Amino acid sequence: MNPSPLPFVLAVSLALAACGPEQATCAVGNELYRTELFFGLDRANAAPITDAEFQGFVDTVVTPRFKDGLTVLEARGQYRMDTGELVYEPSKLIVLLHDGSAAISGEINAIREEYKQRFQQEAVLRIDSLSCVAFD
């Protein structure tokens, strides 16, 4: 007697459904994508990035791409080096709300690349999520 394929089909269907696009069900407001960008301020063999340098970056690179607004927060990051050493780093966090389009995603990646190049950074952490947003 062959086992029924139904349990297997259901398991695969549930697994595939879990891999689908993120869903936000908004009781209030509208669905928008929220991107958080984490910018470390330490530089190897140079002074840390100053508030004026960072604000200049925001003014010339970020704001022209997000004219409707953004939020900049002070942060203090930490991470463990391969050596096991725990490193603390002053950081800035920029929060962006947007439509999630490929064009906007490209603009966000351009911001990250410009920061890495301008300030000799290894990486800029990006976190994306779907949020319910209400401006009232």
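In what follows, the accompanying structure is described. (Residues numbered from 1 in each chain as written. Predicted model: local features only at pLDDT ≥ 70, side-chain atom pairs only at ≥ 80, totals over all residues. Heavy atoms only, no water.)

Observations concerning the overall build of the protein chain
Phase 1: Of regular secondary structure, the protein chain possesses three helices and four strands.
Phase 2: For the protein chain, the N- to C-terminal ordering of α and β elements is α-β-α-β-β-α-β.
Phase 3: Counting every position in the protein chain, which comprises 136 residues, the buried fraction comes to 25%.
Phase 4: A sequence separation of at least 24 residues applies to 68% of the contacts in the protein chain between residues at least 6 apart.
Phase 5: Within the structure as shown, the protein chain displays about 9,400 Å² of accessible surface, and the carbon and sulfur contribution to it stands at 56%. (Helix = DSSP H or I, 4+ residues; strand = E, 2+ residues; numbered from the N terminus. Buried < 20%, exposed > 50% of the residue type's maximum accessible area, 1.4 Å probe, protein only. Contact = heavy atoms within 4.5 Å. Areas by Shrake-Rupley, 256 points an atom, 1.4 Å probe, with all protein chains shown as cover.)

Comments concerning the nonpolar core
Phase 1: Ranked by internal contacts, the top residues of the largest apolar core, which has 17 residues, are Phe39, Phe54, Phe57, Ile111 and Tyr115.
Phase 2: At the level of secondary structure, the elements contributing two or more residues to this core comprise β1 (30–40), α2 (51–62), β3 (86–98) and α3 (102–119).
Phase 3: Looking at this core, the element that brings in the most residues is α2, giving five residues.
Phase 4: Not counting chain neighbours up to four residues away, the residues in contact with Ile111 comprise Leu37, Phe39, Phe57, Val61, Val62, Arg65 and Phe66. (Core = buried A, V, L, I, M, F, W, Y, C linked by side-chain atoms within 4.5 Å.)

Observations concerning α3
Phase 1: With 18 residues, α3 extends 26 Å between its outermost C-alpha atoms, agreeing within 8% with the 26 Å of an ideal straight helix rising 1.5 Å per residue.
Phase 2: Those residues of α3 that fall on the buried side of the exposure criterion are Ile108, Ile111, Tyr115 and Phe119. The buried residues of α3 occupy an angular sector of 50° when the element is viewed end-on, so they sit on one face. When the buried face of α3 is taken as reference, the exposed residues oriented beyond 90 degrees from it are Ala102, Ala103 and Gln117.
Phase 3: The elements touched by buried residues of α3 are β1, α2, β3 and β4 (125–133).
Phase 4: Gln120 sits one or two positions beyond α3 and adopts a positive phi of about 50°. (Expected span 1.5 Å × (residues − 1). Arc of directions from axis to C-beta.)

Quick word on the environment of Leu32
Phase 1: Here Leu32 shows up in strand β1.
Phase 2: Residues Leu32 and Val133 lie 101 residues apart in sequence; the distance between their C-alpha atoms is 6.5 Å.
Phase 3: Setting aside anything within four residues of it in sequence, one finds Leu32 in contact with Leu97, His98, Ser129, Leu130, Ser131 and Val133.

Regarding the state of the cysteines
Phase 1: Across all of its chains, the model carries one disulfide by this definition.
Phase 2: Between the sulfur atoms of Cys26 and its disulfide partner Cys132 the distance amounts to 2.2 Å. Taking the torsion about the sulfur-sulfur bond, which here is approximately -95°, the covalent link between Cys26 and Cys132 counts as left-handed. Taken as a pair, Cys26 in the loop between α1 (6–18) and β1 and Cys132 in strand β4 lie far apart in primary sequence, 106 residues in all. (Disulfide = S-S within 2.5 Å.)

Looking at the layout of surface pockets
Phase 1: Considered as a void within the structure, the largest pocket measures approximately 520 Å³ in volume.
Phase 2: Around the largest pocket, the lining comprises 18 residues; the ones closest to its centre are Gly40, Tyr79, Glu89, Gln121 and Ala123.
Phase 3: Looking at side-chain class alone, the lining of the largest pocket contains eight nonpolar, six polar and four charged residues.
Phase 4: A volume near 240 Å³ is recorded for the second largest pocket.
Phase 5: Contributing to the lining of the second largest pocket are 14 residues, with Phe66, Asp68, Gly69, Leu97 and His98 lying nearest its centre.
Phase 6: Partitioned by chemical class, the residues of the lining of the second largest pocket number eight nonpolar, three polar and three charged. (1 Å grid on protein atoms, 1.4 Å probe; cavity = no way out; pocket = protein on both sides within 12 Å on 5 of 7 lines; lining within 4 Å. Points joined across faces, edges and corners; volume = space filled by probe spheres on them. Nonpolar A, V, L, I, M, F, W, Y, C, P; charged D, E, K, R; others polar.)

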